[in-house]
Amino acid sequence: MTIQAQLPDPAQPQSRLSDRPTVGIDAHHPIVVDSFALLDHRTRARSIPERVAPPGRYLSFEHDDQTRLIALERPITHIGRGLAADVRLEDTNVSRRHAIVALRGDGIRLLDDRSSNGTFVNGRPVTVAQLADGDVLRFGRVVFRYVEIAPRRKPQPLRRIPLARRGHHHAPAGAAA
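The model shown is predicted, which means the values in this text are computed figures rather than measured ones. (Residues numbered from 1 in each chain as written. Predicted model: local features only at pLDDT ≥ 70, side-chain atom pairs only at ≥ 80, totals over all residues. Heavy atoms only, no water.)

**Some remarks on the nonpolar core**
The biggest cluster of nonpolar side chains holds 24 residues, and the ones touching the most others in it are Leu59, Ile79, Leu89, Leu110, Leu137, Phe139 and Phe144. Secondary structure elements with two or more residues in this core: β2 (56–63), β6 (99–104), β7 (107–112), β11 (136–139) and β12 (142–149). The greatest single-element share of this core, amounting to 3 residues, is contributed by β12. Ala53, Tyr58, Leu69 and Ile149 belong to the second largest nonpolar core, which has 5 residues in total. (Core = buried A, V, L, I, M, F, W, Y, C linked by side-chain atoms within 4.5 Å. Buried < 20%, exposed > 50% of the residue type's maximum accessible area, 1.4 Å probe, protein only. Helix = DSSP H or I, 4+ residues; strand = E, 2+ residues; numbered from the N terminus.)

This is the structure we're talking about:
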């Protein structure tokens, strides 16, 4: 008995990405590309343009062809629909206490706070996830990107290299003294 792998037939058109089911996305609730519309007024007011952001850790989203950032400054940041949330989302698909972002010495973690609809990192449901720069986070219909802006390094001063000491002249090789 021989087992053969079937390779895709180049003559057959490949199925489009939209034809495949996407993990963690309910077809009845469209994904919101402009997450700004689902942020409460306090969270909107705290967001800053990416171009003026100091070094730090942020949740990033697009609005009006501009990338805006929400700073993650506290050791613990609560994300949810409840009034006590630090990043408050006005989406019925988001639980009052949806997720927690925890800054730790070894990095940053995202924890699902027993939400009804789940917390997703890069399209996968998670209960706890270590975040890396560029990860895509989803809470209900709200999508953020986790961004780390590193401190700008000061340029190193130029080292002075002594060319020759004054008063010491070396005779060229092979010259008579």
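Further notes follow.
**What about the side chain of threonine 77?**
Examined against the element boundaries, threonine 77 turns out to sit in strand β4 (residues 76–80). Judged by relative accessible area, threonine 77 falls into the buried class, the value being 4%. Not counting residues up to four positions away in its chain, the partners in contact with threonine 77 are Leu72, Asp86, Val87, Ala99, Ile100 and Val101. (Contact = heavy atoms within 4.5 Å.)

**Quick look at the confidence of the model for the protein**
Low-pLDDT portions of the prediction should not be read for the details of their coordinates. Summing up the model confidence of the protein, the mean pLDDT is 81 and the portion of residues at 70 or higher is 70%. Within the model, pLDDT remains below 50 along residues 14–23, and this stretch shows 6 contacts once partners closer than five positions in the same chain are excluded. (pLDDT = per-residue confidence, 0-100.)

**Observations regarding the environment of glutamate 50**
By the secondary structure assignment, glutamate 50 is in the loop between β1 (48–49) and β2. Linking glutamate 50 and phenylalanine 61, residues 11 residues apart in sequence, is a C-alpha distance of 9.7 Å. Apart from residues no more than four positions distant in its own chain, glutamate 50 is found in contact with Thr67 and Leu69.

**Here we look at the environment of isoleucine 76**
Mapped onto the elements, isoleucine 76 comes out in strand β4. For the pair isoleucine 76 and leucine 110, spaced 34 residues apart in the sequence, the C-alpha separation amounts to 10.0 Å. Setting aside residues no more than four positions away along its own chain, isoleucine 76 makes contact with Asp86, Ile100, Val101 and Ala102.

**Quick look at the environment of histidine 98**
Checked against the element boundaries, histidine 98 lands in the loop between β5 (87–88) and β6. Residue histidine 98 is classed as buried on the basis of its relative accessible area of 0%. Along the sequence, histidine 98 and threonine 119 sit 21 residues apart, while their C-alpha atoms lie 7.6 Å from each other.

**What about the sheet that holds β12?**
The strand order β1-β3-β2-β12-β11-β8-β9 describes an open sheet built from 7 strands, whose pairing is antiparallel. Every other strand in the sheet has two partners, leaving β1 and β9 (124–126) as the edge strands with one partner each. (Pairing = 2+ DSSP bridges.)

**Concerning unusual backbone geometry**
Although it is not a glycine, aspartate 65 sits at a positive phi angle of roughly 60 degrees. Of note, aspartate 65 is situated in the loop between β2 and β3 (66–71). Since its relative accessible area comes to 84%, aspartate 65 is described here as exposed. Of note, the phi angle at arginine 114 is positive, near 55 degrees, even though the residue is not glycine.

**So, the pattern of salt bridges**
The final tally for this structure, using the stated rule, is 6 salt bridges. The salt bridge partner of arginine 74 is aspartate 86, with a shortest N-O separation of 2.6 Å. Placement of arginine 74 in the loop between β3 and β4 and of aspartate 86 in the loop between β4 and β5 is noted, with a sequence separation of 12 residues between them. Residue classification places aspartate 86 among the buried positions, given a relative accessible area of 16%. Salt bridges linked by common partners bring Asp40, Arg42, Arg88 and Glu90 together as one network. (Salt bridge = Lys/Arg side-chain N within 4 Å of Asp/Glu carboxyl O.)

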